Amino acid sequence: MPDPVFQVRRAGRADASNLAELAASTFRDTYFLISDPVEVEDYIRTNFTTKLLEEQIADDSATFILGSIGDRFIGYALVRHSVAPDCVTGPVPIELSRLYLEQAFHGRGYGSALVLASLREARERNGQTLWLSVYSENMKARAFYAAMGFVEIGARDFLFGGRIYNDPVMSRAIPQRSHHAPP
Ligand SMILES: CC(C)(COP(=O)(O)OP(=O)(O)OC[C@H]1O[C@@H](n2cnc3c(N)ncnc32)[C@H](O)[C@@H]1OP(=O)(O)O)[C@@H](O)C(=O)NCCC(=O)NCCS
């Protein structure tokens, strides 16, 4: 039998509890070794409840994109309208606020599929610039984003676990539909 394909779709209210579980486990896997584990668990407890995710999914200013293989969710992205830091000077900015994939599925092109889906979603929201911030110690993610065409343009302060981190900010243009494409 062929491998089941990786599929992406927008999340709906019914996905909240699965998404909460995926968000918690991928956040833990990502930051467990590069941050304080107690602060990581605190963050998970306060940010990834089913109730909060239900509210965020229902919020029109954001879209969760779910990546799955068969009936198993293995990754997600969050695209949202937000206040961009001053270093984001590109036109009509939209934030790629989260992007996480289960560890067992890294390095197979699924992360880039989630970025492409995020660019499409941002374009449908009339965005022209996709920006993000990333933990400075997360070298894998910084290299990945550079490979996906994001360029470091500055930094912003991010409060995590009672400390302020200066996170690099990256951005790239959102490809627009060509008006000159053949029919
Ligand atoms: C970051 C993440 C989404 C990347 O997804 P992925 O599926 O592993 O990446 P892909 O296989 O799609 O790689 C896409 C491109 O990035 C490059 N890339 C991926 N990881 C890389 C790394 N560690 N170093 C250098 N390049 C890397 C690949 O070579 C590929 O480039 P190519 O198309 O030129 O060959 C994934 O590793 C992840 O979920 N990490 C943990 C969560 C996290 O850190 N999220 C970011 C929070 S800001």
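First, a word on scope: everything that follows refers to the structure included in this document. (Residues numbered from 1 in each chain as written. Predicted model: local features only at pLDDT ≥ 70, side-chain atom pairs only at ≥ 80, totals over all residues. Heavy atoms only, no water.)

Here we look at the overall build of the protein
- The secondary structure content of the protein amounts to five helices and seven strands.
- Counting from the amino terminus, the protein carries its helices and strands in the arrangement β-α-α-α-β-β-β-α-β-α-β-β.
- Radius of gyration (C-alpha) of the protein: 16 Å, near the 16 Å computed for a compact globule of 183 residues.
- Overall size of the protein, expressed as C-alpha extent along the three principal axes, is 55 × 50 × 30 Å.
- Burial status across the protein gives 42% buried among its 183 residues.
- Nonlocal contacts in the protein, meaning residues at least 24 apart in sequence, comprise 67% of its contacts between residues at least 6 apart.
- Working note: accessible area of the protein is about 10,300 Å², and carbon and sulfur atoms make up 53% of it.
- Here the protein carries 19 positive and 22 negative side-chain charges, and the mean point of each set is 5 Å from the other. (Helix = DSSP H or I, 4+ residues; strand = E, 2+ residues; numbered from the N terminus. Rg over C-alpha atoms; globule rule 2.2 N^0.38 Å. Buried < 20%, exposed > 50% of the residue type's maximum accessible area, 1.4 Å probe, protein only. Contact = heavy atoms within 4.5 Å. Areas by Shrake-Rupley, 256 points an atom, 1.4 Å probe, with all protein chains shown as cover. Lys, Arg positive; Asp, Glu negative; His and termini not counted. Charge placed at Lys NZ, Arg CZ, Asp CG, Glu CD.)

Regarding helix H1 (residues 16-31)
- Between the first and last C-alpha of H1 there are 22 Å, a value that for 16 residues agrees with the 22 Å anticipated at 1.5 Å per step.
- Within the span of H1, buried status applies to Ala 16, Leu 19, Ala 20, Leu 22, Ala 23, Ala 24, Thr 26, Phe 27 and Tyr 31.
- Looking at the buried residues of H1, the elements they touch are helix H2 (37-47), helix H3 (50-58), strand E2 (62-69), strand E3 (72-80), strand E4 (93-101) and strand E6 (151-160). (Expected span 1.5 Å × (residues − 1).)

Some points on the site of the ligand
- Near the ligand, the surroundings consist of 20 residues, among which Leu 99, Gly 107, Gly 109, Gly 111 and Asn 138 are the closest.
- The contact in question runs from an oxygen atom of the ligand to an N or O atom on the backbone of Gly 109, over 2.8 Å.
- Between the ligand and Ser 112 there is a distance of 2.8 Å, counted from an oxygen atom to a backbone nitrogen or oxygen.
- Its free accessible area being 940 Å², the ligand has 69% of it covered by the protein chains.
- Only H1, E4, helix H4 (110-124) and helix H5 (139-147) provide two or more residues apiece to the shell around the ligand. (Near = heavy atom within 4 Å. Polar contact = N/O pair within 3.5 Å; in protein donor to acceptor, adjacent residues only side chain to side chain.)

Observations regarding the packing of H1 against H3
- Where H1 contacts H3, the two axes come as close as 8 Å, and the packing angle between them is 110 degrees. What the angle tells us is that H1 and H3 run roughly perpendicular. Note that H1 runs across H3; the crossing there is right-handed. Here Ala 16, Ser 17, Leu 19 and Ala 20 of H1 come into contact with H3, specifically with Thr 50, Leu 53, Glu 54 and Ile 57.
- Classifying every residue of the contact of H1 with H3 gives five nonpolar, two polar and one charged. (Axes fitted to C-alpha atoms, helices over the stretch in contact; angles between N-to-C directions. Parallel < 35°, antiparallel > 145°, perpendicular 65-115°, else oblique. Left-handed = near helix turned anticlockwise from the far one by under 90°. Nonpolar A, V, L, I, M, F, W, Y, C, P; charged D, E, K, R; others polar.)

Quick word on the pattern of salt bridges
- A full pass over the atoms with the stated rule returns twelve salt bridges.
- Here Arg 9 makes a salt bridge to Asp 15, at a shortest N to O gap of 2.9 Å.
- For Arg 9, a relative accessible area of 39% gives the class partly exposed.
- For Asp 15, a relative accessible area of 8% gives the class buried.
- Of the charged contacts, one joins Arg 142 and Glu 152 as a salt bridge, the two residues approaching to 3.1 Å between their closest N and O atoms. (Salt bridge = Lys/Arg side-chain N within 4 Å of Asp/Glu carboxyl O.)

Details of the sheet that holds strand E7 (residues 163-173)
- Spatially, the seven strands line up as an open sheet ordered E1-E2-E3-E4-E5-E7-E6, and their pairing is mixed. Looking at which strands have only one partner, the edges of the open sheet turn out to be strand E1 (6-10) and E6. The average undirected angle you get between the axes of adjacent strands in this sheet is 30 degrees.
- When E4 meets strand E5 (residues 129-133), the two strands line up parallel, connected through three bridges. Note on E5: the bridge partner recorded for Glu 95 is Trp 131. (Pairing = 2+ DSSP bridges.)

Quick look at the side chain of Ser 118
- Here Ser 118 shows up in helix H4.
- Note on Ser 118: relative accessible area 0%, which makes it buried.
- A distance of 2.7 Å separates the side chain of Ser 118 from the backbone oxygen of Leu 114, its partner in a polar contact.
- If sequence neighbours within four positions are ignored, Ser 118 has contacts with Ile 65, Ala 77, Val 79, Leu 96 and Leu 130.

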